[in-house]
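Coordinates in review
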Amino acid sequence: MKTIKCIIVDDEPLAISLLENYVRKIPFMELVFSAENPILALEYIRNNEADLIFLDIQMPELTGINFMKIVGEKKKYILTTAYSEYALEGYEHNIIDYLLKPVSFERFYKSAVKAQERFSSSESGESYFFVKSSGQQHRINFIDILYIESIKDYVNIRTSHEEYIVLDTLKSLENQLSDRFVRVHKSFIINLDKTKNIGIKRIVLVSEQEIPIGESYRSNLLNKIK
């Protein structure tokens, strides 16, 4: 795969220096920009190409969470933080991993490999992914998925054969799925290839299950099926 172009955003100069050193040791990564001021990073992203952002969560000018809200889904993130309680909040957004400071190279390398796998999967258009459920890793083929439902801190992946309860978020899974999947409600993602009919307020799947359509998701759904 192509080299992953990386940006580092952290208000601590020593943290930036450490991550810069780590990135330069990874053969499939390229450091293209680093900044203590997140506003400068936003300006760089607006005018330049980048793939992955190493992002500090707690910064005075702009928090990492708000930074991601501004940039949106165009980029992938690895969060860095000195406070473990912020990790769960980060997983509500489109991130690959989080690193707890002080970051060791061993932990950084594992995170880098995870990023490489995510980018490789996106490029190759793989038709499956693995999830951990009931203490085991399960391979789930896209073609088998009927819908995915959010249940508090978990998601229920319902396939044609069975269901898998997974500690994850809809947002995280949404980024791994093909364009045949669409978010139709704050709590549901459906497989368009498994729909029987689509009404104003509900979708009936081939399995006869009914899925609600959220008002704010209707226009995106209609654009998908045009």
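Okay, so let's go over this structure. What you see is a predicted model, and the numbers here were worked out from it, not measured in a lab.

Here is what the cut-offs are and how they apply
Counting from 1, residues in each chain are numbered in the order their sequence is written. Local features are withheld for residues below a pLDDT of 70 in this predicted model, meaning they are given only at 70 or higher, and side-chain atom pairs are given and counted only at 80 or more; totals for whole chains, interfaces and linings count all residues. Each side-chain value is derived from all of the structure's non-hydrogen atoms; neither hydrogens nor water enter the calculation. Under the DSSP-based scheme used, a helix requires at least four consecutive residues in state H or I and a strand at least two consecutive residues in state E, with every element numbered from the N terminus. What the globule rule says is 2.2 Å times the number of residues to the power 0.38, and the radius of gyration is computed from C-alpha atoms. Relative accessibility under 20% of the residue-type maximum defines a buried residue, over 50% an exposed one, and the middle range a partly exposed one, all with a 1.4 Å probe and only protein chains included. All accessible-area figures derive from a Shrake-Rupley calculation using a 1.4 Å probe, and residue coverage is judged against the displayed protein chains alone. Only Phe, Tyr and Trp rings are paired, with Trp represented by its six-membered ring, and only when their centres lie within 6.5 Å; those with planes under 30 degrees apart are stacked, over 60 edge-to-face, the remainder tilted. Excluding any residue in a salt bridge, patches collect residues exceeding 30% relative accessible area, merging like charges within 9 Å and nonpolar Val, Leu, Ile, Met, Phe, Trp and Tyr side chains within 5 Å. Salt bridges are counted wherever a side-chain nitrogen of Lys or Arg sits within 4 Å of a carboxyl oxygen of Asp or Glu. The nonpolar core is taken to be a set of buried Ala, Val, Leu, Ile, Met, Phe, Trp, Tyr and Cys residues, with the residues joined through side-chain atoms within 4.5 Å. Working rule for contacts: check all heavy atoms of both residues, and any pair within 4.5 Å makes them a contact. Charged residues are defined narrowly, with Lys and Arg counted positive, Asp and Glu counted negative, and His plus the chain ends left uncounted. Two strands pair under a simple rule: DSSP has to find at least two bridges between them. Think of each axis as a best-fit line through the C-alpha atoms, taken over the contacting stretch in the case of a helix, with angles from 0 to 180 degrees between the N-to-C directions.

In this section: the overall build of the chain. What the chain contains, in helices and strands, is seven helices and 15 strands. For 226 residues, the compact-globule estimate of 2.2 N^0.38 gives 17 Å, and the chain sits close to it at 19 Å. Principal-axis analysis of the C-alpha atoms gives the chain an extent of 55 × 35 × 35 Å. A burial count over the chain gives 45% of its 226 residues as buried. Looking at the chain as shown, the accessible area adds up to about 12,100 Å², and 49% of this sits on carbon and sulfur atoms.

We now examine the packing of aromatic side chains. Scanning all chains against the criterion turns up seven aromatic pairs. Ring plane angle 50° and centroid distance 5.3 Å describe the contact between Tyr22 and Phe108, whose orientation is recorded as tilted. One end of the pair, Tyr22, is in helix 1 (residues 13–25); the other, Phe108, is in helix 5 (residues 105–124), and 86 residues separate them in sequence. Taken as a pair, Tyr22 and Phe108 share a single burial class, namely buried.

Taken together, the side chains of Ile151, Tyr154, Ile165 and Leu167 define a hydrophobic patch exposed on the protein surface, amounting to about 390 Å² of accessible area. Looking at where Leu167 falls in the secondary structure, it is placed in the loop between strand 10 (163–166) and helix 6 (170–174).

So, on to the nonpolar core. The biggest cluster of nonpolar side chains holds 20 residues, and the ones touching the most others in it are Met29, Leu52, Phe54 and Phe108. Among the secondary structure elements, those contributing two or more residues to this core are strand 1 (4–9), helix 1, strand 3 (52–56), strand 5 (95–100) and helix 5. Apart from the residues within four sequence positions on either side, Leu52 is in contact with Ile4, Lys5, Cys6, Ile7, Met29, Lys76, Tyr77, Ile78, Ile96, Ala115 and Phe119. Listed in part, the 19 residues of the second largest apolar core include Val9, Ile65, Leu79 and Ile95.

With respect to the helices, strands and loops of the structure, Glu20 is situated in helix 1. Buried Glu20, no salt bridge; nearest opposite-charge side chain is Arg24, N-O distance 4.2 Å. In this structure Glu20 touches Ile8, Leu31 and Ser34, once residues within four positions along its chain are discounted.

Another aspect to go through is the side chain of Arg218. Inspection of the secondary structure assignment puts Arg218 in helix 7 (residues 218–225). Given a relative accessible area of 19%, Arg218 falls into the buried group. Once residues lying within four places of it in the same chain are set aside, the contact partners of Arg218 are Ile200, Lys201 and Ile213.

With that out of the way, let us pick up the pairing of strand 13 (residues 195–198). Here strand 13 pairs with strand 14 (residues 202–205) via three bridges, running antiparallel. Bridging from a neighbouring strand, Ile198 pairs with Ile203 of strand 14.

With that settled, consider the pattern of salt bridges. Counted by the stated rule, this structure contains 13 salt bridges. For Arg107, the salt bridge goes to Asp97, with nearest N and O atoms at 3.0 Å. A residue pair is termed long-range when its members are at least 10 positions apart, and Arg107 in helix 5 and Asp97 in strand 5 qualify at ten residues. Since its relative accessible area comes to 31%, Arg107 is described here as partly exposed. Accessibility expressed as a relative area gives 2% for Asp97, which makes it buried.

Strand order across the open sheet formed by five strands is 2-1-3-4-5, with parallel pairing between neighbours. Every other strand in the sheet has two partners, leaving strand 2 (29–35) and strand 5 as the edge strands with one partner each. The mean inter-strand angle of the sheet, taken between neighbouring strand axes irrespective of direction, is 20°. Examined bridge by bridge, strand 1 and strand 2 share six bridges and lie parallel to one another. In the sheet register, Ile7 faces strand 2, and the bridge partner there is Phe33. The strands touched by helix 2 (residues 38–47) within the sheet are strand 1, strand 2 and strand 3, with strand 2 carrying the most contacts at an inclination of about 130°.

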